[in-house]
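Observations on the three-dimensional arrangement
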Amino acid sequence: MGNFGIWVLTICLIFQSGYGFYLPGSYPLKHVVGNYLSVKVNSLTSIDTEMPFSYYSLPFCKPVEGVKDSAENLGELLMGDRIENSPYRFKMHTNETEIFLCQTNKLSSDDFKLLTKRIDEMYQVNLILDNLPAIRYTRKEGFMLRWTGYPIGVKIKDGYYVFNHLKFKVLVHKYEEANVARVMGTGDAVEGFPSVGNKGSDVPGYMVVGFEVVPCSVVHNGDLVKNLKMYEKYPSLIKCEPTTVSMPIKEGEPIVFTYEVTFEESDIKWPSRWDAYLKMEGAKVHWFSILNSLMVITFLAGIVLVIFLRTVRRDLTRYEELDKEAQAMVNEELSGWKLVVGDVFRAPSNPALLCIMVGDGVQILGMAIVTILFAALGFMSPASRGTLITGMLFSYMILGIAAGYVAVRLWRTIGFGDHKGWVSVAWKAACFFPGIAFFILTILNFLLWGSRSTGAIPFSLFVILLLLWFCISVPLTLVGGYFGAKAPHIEYPVRTNQIPREIPAQKYPSWLLVLGAGTLPFGTLFIELFFIMSSIWMGRVYYVFGFLFIVLVLLVVVCAEVSLVLTYMHLCVEDWKWWWKSFFASGSVAIYIFLYSINYLIFDLKSLSGPVSATLYLGYSLFMVLTIMFATGTVGFLSSFWFVHYLFSSVKLD
């Protein structure tokens, strides 16, 4: 209860501030003029292969003090981020030009081949200053395009050229404690924020609010740098022309790296410094498409709901208005769902598997709701790297209690209150979906290990994940199962006959209708799915979690309605095997998402090269659709179970 109170207080503090809000773990840093600013490097990334590699896997300059890893959270490691220190450093508010960085050793045959290969695969260098990624602007057809990072080099005809001179621009905003106090929501809070440097608060300082880079390819004179040390001034003028390249890569020759930096005071305030990264191209189309999708799906769902309610109510009203004698007379003439009263609650095939999948689905759905809600409130912003994945992982583990409870209680309901086997069901619920996920991700991890990618999960992290699984998730699921075993099972409103009723021959395969039912839930998702896929595979930033939460709520409603209607239709044709069909009626949306993923691979990721990259893409897509199938199928099943229970408890049948 104490933790809940802290969260509520934090949210209230955020919303009480009229000047903006800050993200937990992120705060303004005061940099005094002349203080050193250190640039960090992240993994090299490419939309061509989707495999990140370490920055220092290529022949780049290394810092004097040696390469050191920055502290990383679980989410960053799982996402393949490897943040390390770099030799680039600036003095706050001090412009510098022609800074010599280093001259590499002569390129060996292996270094030359690797460098040209990375250029062919369009790898980008990702730099970070004060938690801000370097941003690059290019103009194309009159439009200004934004990119994070810069390419290693470029291939022109048969020649390879490397970007060996970087022109940095750092945007700064004057640090004013009164303004910062308003940002934080309280004047007392400022005392707790660190200021870089040992000087007093009366010394003027600045906050970094922007970090831009322009890469250039410049030919340097190797003889001029023989006796130069790092950070000394290059003896001749360097002209940085981003539209021309002149530094070819040649085997057996070294590369000279230089840089320059200018500081510019900006009106951008600290809470708004991420706006440049969060602006998405075609934003108006994005918002209009989402709104249009919401309106159409809401309209269709409303129609389905009205028809459904009118049909069921008419059946119930007509039946309940008959007196007992009339009921006896028409008993033989009953048709549809009234005839399957003695079989509708007959246990399905593989009941334990159904209980386990529903329990895991509740856990996944709960994780999605909690994660998206906190992300919409700003607690899992792109400014806090890795927090989204970390939050998803820990919320999933904690919600193991819900998985165990639902799985065991459903098991006892199907077994008419029998406690036997509940430990086995709870244990399998704790291991079924995580086991599938672990199997898929382990295979993909071996591919990444073989490619020496930083996207591969280190063995130590594997051990940590296994410990989290078996020391936190499994015990919590068993605890939930214990409470599910103690809770009263759900009583069926009607008795089940000993001999199952024969299902009449159907005009069409019932499973065909079940598979087709996933189209309507897919209609609520596919526009948002495009932006999510672009964020994952094209390196774009996704931030509209408020809309995503609305889409998630709408998806739950549509899945419930689709499953209800299909269950009713099956009962009307005397098909009492509704259990699994209600699960897959809404869960079949996963099939369409997987087909969409293949379509996205063919038409949007045309540049994705190599069988390893394609296998990684399809493997991660399969993992994603299985997750969605568990969550949506659970919504459909639980809503259908409630409907069947309500329908047969509302009618008096002998």
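Residue numbers run consecutively from 1 along every chain, following the written order of its sequence. This being a predicted model, a pLDDT of at least 70 is required before a residue's local features are given, and a value of 80 or more before pairs of side-chain atoms are given or counted; all residues contribute to the totals for chains, interfaces and linings. The side-chain numbers reported here are obtained from all heavy atoms of the structure, hydrogens and water having been left aside.

As named in an unreviewed UniProt entry, the protein chain is Transmembrane 9 superfamily member, taken from Gossypium darwinii. Its UniProt record, at the heading Sequence similarities (unreviewed entry), says of the protein chain: "Belongs to the nonaspanin (TM9SF) (TC 9.A.2) family." UniProt positions are given in the numbering used here, feature names are shortened, and annotations may be inferred rather than shown by experiment.

Working definition: helices are DSSP H or I runs of at least four residues, strands are E runs of at least two. Numbering for both runs from the N terminus. Of regular secondary structure, the protein chain possesses 18 helices and 16 strands. Note on definitions: a residue-residue contact is assigned when non-hydrogen atoms from the two residues lie within 4.5 Å. Relative to all contacts within the protein chain whose residues are 6 or more apart in sequence, the contacts with residues 24 or more apart total 85%.

Okay, the state of the cysteines next. What counts as a disulfide here is a pair of cysteine sulfur atoms lying within 2.5 Å. Scanning the entire structure with this criterion turns up 2 disulfides. Cysteine 61 shares a disulfide with cysteine 102; S-S distance 1.8 Å. The sign of the S-S torsion, about -85 degrees, decides the handedness of the disulfide formed by cysteine 61 and cysteine 102: left-handed. Placement of the pair is cysteine 61 in the loop between strand S2 (36–41) and helix H2 (74–79) and cysteine 102 in strand S4 (residues 96–103), with a sequence separation of 41 residues.

For the rest of this paragraph, the subject is the environment of phenylalanine 623. With respect to the helices, strands and loops of the structure, phenylalanine 623 is situated in helix H18 (residues 611–649). For the pair phenylalanine 623 and phenylalanine 438, spaced 185 residues apart in sequence, the C-alpha to C-alpha distance is 9.9 Å. Filtering out sequence-adjacent residues up to four positions away, phenylalanine 623 remains in contact with Phe433, Ala437 and Ile440.

What makes a salt bridge here is a side-chain nitrogen of Lys or Arg within 4 Å of a carboxyl oxygen of Asp or Glu, nothing more. Counted under the stated rule, the structure contains 9 salt bridges. Close ionic contact of glutamate 98 with lysine 233 constitutes a salt bridge, the shortest N to O distance being 3.2 Å. Of this pair, glutamate 98 sits in strand S4 while lysine 233 sits in the loop between strand S15 (205–216) and strand S16 (256–265), and the two are 135 residues apart along the sequence. Overall, the relative accessible area of 9% leaves glutamate 98 in the buried class. Per-residue accessibility, obtained with a 1.4 Å probe over protein chains only, is compared with the maximum for each type, and a residue is labelled buried under 20%, exposed over 50%, and partly exposed between these values.

What follows concerns the packing of helix H9 (residues 387–398) against helix H12 (residues 459–486). Angles here are taken between N-to-C directions and fall from 0 to 180 degrees, while the axes themselves are lines fitted to C-alpha atoms, restricted in helices to the stretch in contact. Here H9 crosses H12 at 35 degrees, and the two axes come no closer than 8 Å. Each of Leu393, Met397 and Ile398 in H9 lies in contact with H12, whose residues at this interface are Leu465, Leu468, Ile472, Ser473 and Leu476. Class assignment of the residues belonging to the contact of H9 with H12 gives a composition of 7 nonpolar, 1 polar and no charged. All residues other than Ala, Val, Leu, Ile, Met, Phe, Trp, Tyr, Cys, Pro, Asp, Glu, Lys and Arg, Gly among them, are scored as polar; the first ten of these are nonpolar and the last four charged.

What follows concerns the packing of aromatic side chains. We describe a pair of aromatic rings using the distance from one ring centre to the other and the angle between the two ring planes. Planes of paired rings set the category: under 30 degrees apart is stacked, over 60 is edge-to-face and the rest tilted, where pairs are Phe, Tyr or Trp rings (Trp by its six-membered ring) whose centres lie within 6.5 Å. As enumerated under the stated definition, the model contains 44 aromatic pairs in all. For the pair tryptophan 449 and phenylalanine 462, a centre-to-centre distance of 5.9 Å together with 35 degrees between the ring planes defines the contact as tilted. In this pair, tryptophan 449 is assigned in helix H11 (residues 422–450) and phenylalanine 462 in helix H12, connecting sequence segments 13 residues apart. Note on phenylalanine 462: relative accessible area 10%, which makes it buried.

Residue types Ala, Val, Leu, Ile, Met, Phe, Trp, Tyr and Cys, when buried and joined through side-chain atoms within 4.5 Å, form a set referred to as a nonpolar core. Counting residues in hydrophobic clusters, the biggest one holds 87 residues, and the most contacted among them are Ile593, Phe637 and Phe648. For this core, the element with the highest residue contribution is helix H15 (residues 545–572), accounting for 15 residues. Each domain span listed reflects an automatic or database assignment of domains. Counting contributing residues per domain, this core is built from domain 2 (283–319 + 518–653) and domain 3 (350–490), each supplying no fewer than three. Apart from residues lying up to four places away in sequence, phenylalanine 637 is in contact with Leu354, Val358, Leu410, Ser563, Trp578, Trp579, Ser582 and Phe583. By size, the runner-up hydrophobic cluster in this structure holds 54 residues, among which are Leu115, Val125, Val213 and Ile255.

Another aspect to go through is the pairing of S2. Residues Leu37, Val39 and Val41 of S2 are buried on one face, while the alternating residues Tyr36, Ser38 and Lys40, pointing to the opposite face, are not. Two strands pair if DSSP finds at least two bridges between them. Pairing between S2 and strand S3 (residues 84–91): 5 bridges, direction antiparallel. The residue of S3 that forms the bridge with leucine 37 is phenylalanine 90. Alignment of S2 against strand S6 (residues 127–129), held across 3 bridges, turns out to be antiparallel. Note that in S6 the partner of lysine 40 across the bridge is isoleucine 128.

Here, patches come from residues exposed beyond 30% relative accessible area and free of salt bridges, joined within 9 Å for like charges and within 5 Å for nonpolar side chains (Val, Leu, Ile, Met, Phe, Trp, Tyr). Shrake-Rupley sampling with a 1.4 Å probe provides the accessible areas, and residues are treated as covered by the protein chains on show and by no other component. A cluster of nonpolar side chains, namely Phe446, Trp449, Phe459, Val463 and Leu467, defines an oily patch on the protein surface of about 520 Å² accessible area. Of all the secondary structure elements, the ones that give two or more residues to the nonpolar patch are H11 and H12. Ranked by residue count, the leading element in the nonpolar patch is H12, at 3 residues. Within the secondary structure, leucine 467 sits in helix H12. Taking relative accessible area as the criterion, leucine 467 reaches 48% and is therefore assigned partly exposed.

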